[in-house]
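Secondary and tertiary structure notes
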Amino acid sequence: MKRMVIKLIALALIVSLVACGKVEKTTDTESMESVKNTLENSQEETVENTAVEIEKSKENLETEITVQESLQEKLLKEDTYWTAYELKDSFGVEALPADYKWIDLILWADGSAQLREVQNELILGNDMMLHMTWKLEGSSLGLYVEGFDEPYCEGTIDENGIALSYYGSTLYLKQDTIPKETGELLSPAQLTGTWVLTSGMVEGWEWDSRDEKEYGVLFFNTMWDEEIASLTLVADYESRTGWGQMRESFYDRELTLLEDPIYEGCGNEKWSVRIGPESPLNEHGYPEETDYYVTLLDENVLLLQRYYTFDGGPGVNYSYYKRILPTASVWELETAELEGGDWEFVSFTDVDGNESDNVPGLENLYIHLDVMGCCSVVWEEPSTGETISGDAKWILGSGGGLLIYEGNPEEAWFSGGICMHNIETMEDSIYNLEMYLYYAGGVIKLAHVDGSGGENYGGEGVTDDFTD
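Residues numbered from 1 in each chain as written. Predicted model: local features only at pLDDT ≥ 70, side-chain atom pairs only at ≥ 80, totals over all residues. Heavy atoms only, no water.

**With respect to the confidence of the model for the protein chain**
Inclusion rule: On a scale of 0 to 100, pLDDT captures the predictor's confidence in every residue. Numbered from the N terminus, helices here are DSSP runs of H or I no shorter than four residues, and strands are runs of E no shorter than two. A contact between two residues is defined here by any heavy atoms of the two lying within 4.5 Å.
In this model, the protein chain carries a mean pLDDT of 78, and residues with pLDDT of at least 70 account for 72%. Strand 15 (residues 291–298) holds the highest mean pLDDT among the elements of the protein chain, 95, whereas strand 27 (residues 463–464) holds the lowest, 36. Scored below 50 in pLDDT, residues 1–26 makes 15 contacts in the model with residues more than four places away or belonging to other chains. Predicted confidence is poor over residues 455–468, with pLDDT under 50, and the contacts of this stretch with residues over four places away or in other chains come to 28 contacts.

Structure below.
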């Protein structure tokens, strides 16, 4: 059959050439054989070239599959870090604003993800993208926000990087070395919440807040900024003695993001935040008033630097704070809502994160918050079983911060916070109160006793069925 086809093609070629006037009609055997050989060689060359192309395509496909499988295996075995280098709109025009500090993505091997967007000198209050999950199907990557079935954003991933659909544009990210320090993986938006003082350091001397009877609370909350039409973070700060006397305070101060560490080797080399405006310098080049800087060393550990003038020279001290409330948003509580309330022990979480049903040295802890800032603290001595009680004072500070002082003969005082959770049901909305106290490096959790306290002392508690 092959030879028949060759002969027919050869005949057609000769007829074509004759018709074009290129050759004369001939029956010369050598001419026929020459044409036949030319066509056979051409066909064999075509077949060989096609086979080579098929083999190359096969090899490229196998390489692509191998690379993709290797990438998938890597993503499932180790955490990966990606930094954005370009953002283009639907027309291919550069769309990354000049005031962006950085956008980066962390894909944790356990399936969780964090997309950080840090822009302007202000810190935006959107932390939704800090707690995401990711799914990979082939080369398709999807990032999901908790509670939603559809991806928050999606794109593709290969050995060249990630191309992510991002607010109608395409965000391009390249893989980078994951930061070693925990603080550098955190976002400034994660400052949100209530923090209490635990310890400090000045000129090489380290001190514990309980021993020195120092109380401090930092509260970072979101506020709507009309100028940028977005939520941004502001800070409150209160510093008291262990006897409740106010040392210094400020409220609703704006934050400025800095791409410098508080000091080299502090545990977060990527960023820090100045609270409020920078103080003008005096004639010696030192701040006329105290400047405040903070950074995160861990999700629950904050470092505060106070920079000031002392005896004509520069003064600086450092304080460590612990996140005391587990929720980012804190309801604004009034003292009257808590007066007369009773609180019973729930659990104790030690410094290593281990939860237990006993507090070292304070079994069956019970607290009553009375009117006029008075309260009582009751507990059992573990070794003897003796019930011990003490009278104290209490102060409700900014952001739900709480100070109980001069009431515990052995430990002297507690610092912590109270938060209110809104639990929606089909019939009503229940506000559930929880108290958290810093103690022995850990946190004591107490629950509000139903029906106790509330506004007007001894009222119906804190249940609102919206019937009035």
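Picking up after the structure, the text goes on.
**Some remarks on the pattern of salt bridges**
When charged atoms on two side chains of opposite charge get close, those side chains can pair. Selection rule: One side-chain nitrogen of Lys or Arg within 4 Å of one carboxyl oxygen of Asp or Glu is enough to make a salt bridge. Only protein chains enter the calculation, and the probe is 1.4 Å; a residue is then buried if its accessible area is under 20% of its type maximum, exposed if over 50%, and partly exposed in between.
Overall, the coordinates contain five salt bridges when judged by the stated rule. Here K88 ties to E86 by a salt bridge, and the two come within 3.6 Å at their closest N and O atoms. Residue class for K88 comes out partly exposed when judged on its relative accessible area of 28%. For the salt bridge of R247 with E214, the shortest nitrogen-to-oxygen distance reads 2.8 Å. Of this pair, R247 sits in strand 13 (residues 246–258) while E214 sits in strand 11 (residues 214–225); the two residues are 33 residues apart in sequence, bridging distant segments of the chain. Overall, E214 belongs to the buried group, its relative accessible area being 18%.

**Here we look at the state of the cysteines**
Simply put, disulfide is the name for a covalent bond between the sulfur atoms of two cysteines. Here is the rule: Pairs of cysteine sulfur atoms within 2.5 Å are identified as disulfides in what follows.
Inspection of every chain in the model, using the stated rule, returns zero disulfides. Summary of cysteine pairing: C374 is not part of a disulfide, and the nearest cysteine sulfur, belonging to C375, is at 7.8 Å.

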